[in-house]
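Given next are the chains, with one letter for each unit.
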Amino acid sequence: MSESQDTIEQRGLMLVLSSPSGAGKTTISRQLLERDKGIEMSISATSRKPRPGEVDGEDYIFVSSESFAEMRDRDAFLEWALVFDNFYGTPKKPVEQALASGRDVLFDIDWQGAEKLSATSRQDLVTIFLLPPSVEALAERLKSRAQDTAEVVARRMAGAANEIQHWDDYDYVIVNNDIEQSVEDVRAILSAERLKRTRRTGLEEFVRKLQRNL
Ligand code: 5GP
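No experiment lies behind these values; they were computed from the predicted model shown. (Residues numbered from 1 in each chain as written. Predicted model: local features only at pLDDT ≥ 70, side-chain atom pairs only at ≥ 80, totals over all residues. Heavy atoms only, no water.)

S.K.: Would you mind going over helix α2 (residues 65-73) in detail, with residue names and values included?
M.R.: All of the buried residues along α2 are F68, A69 and M71. Around the axis of α2, the buried residues are gathered within 160° of arc, so they sit on the same side. Of the residues in α2, the exposed ones pointing more than 90 degrees away from the buried face are E66 and D73. On its buried face, α2 sits against β3 (45-46), β5 (77-83) and β6 (86-91). Trailing α2 by a residue or two, D75 shows a phi angle of about 65°, which is positive. (Buried < 20%, exposed > 50% of the residue type's maximum accessible area, 1.4 Å probe, protein only. Helix = DSSP H or I, 4+ residues; strand = E, 2+ residues; numbered from the N terminus. Arc of directions from axis to C-beta. Contact = heavy atoms within 4.5 Å.)

And the structure:
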């Protein structure tokens, strides 16, 4: 039987996409998930209240602060952080299962989460930071979202300055001038990273077989 690129056993990778809110991260994530069936979203748990239209179990697992603390204490999170007064955490089990079965996982988490994953899972991790093309574009997107109050928008603008400070901790940086181009850039990164020798756990056996038959 001949083996191709696709049938060689592979360990999944963790793709982290961070940006200040309003830079287009959610749209890009959705498009990526639609176009690439080999990657799934990590659904975070949060103590924040759902925004209109957000679905429990799809956008987030919405929990009380008490439940969040209980999950944290029994070590159910791969990482967790306090962002804008709310707790956010990445449930450990689904990620570990996906990676072991060769599936990739996409994370929409902030710089604190990226930093923590970098400390524990560097070899599985690929990090991308998304920048808005301008301050005006960021302000416009936050306002047009209209799901948050003016006070929340003002705080998120201030938070953007803090988040952007961490741009140079990331492996890749994309300036989101154009959603379509940004999605394709993320896909190009993903394609190349999937080919990394170290993630291709079946390669050794594949090469040994080739050598035996030479
Ligand atoms: P939002 O409330 O707008 O959905 O998210 C606020 C911020 O929290 C975003 O920057 C998002 O990336 C981050 N975030 C969401 N889930 C997690 C998580 O599980 N861990 C960490 N560290 N950050 C998260």
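So that's the structure; there's more coming.
S.K.: Explain the pattern of salt bridges to me, using residue names and the numbers behind them.
M.R.: Enumeration over the complete set of coordinates arrives at 19 salt bridges. Across the pair D59 and R30 runs a salt bridge whose closest N-O atoms are separated by 3.8 Å. Remark: R30 occurs in helix α1 (residues 25-35) and D59 occurs in the loop between β3 and β4 (61-62); sequence separation between them is 29 residues. Relative accessible area serves as the criterion here: at 27%, D59 is assigned to the partly exposed category. (Salt bridge = Lys/Arg side-chain N within 4 Å of Asp/Glu carboxyl O.)

S.K.: Provide a residue-level description of the side chain of D124, including the pertinent values.
M.R.: Considering the arrangement of structural elements, one finds D124 in the loop between α4 (111-121) and β8 (125-131). Residue D124 is classed as buried on the basis of its relative accessible area of 7%. What D124 contacts, discounting residues up to four positions off in sequence, is R11, G12, L13, M14, L99 and R199.

In short, geometric facts, not functional conclusions.
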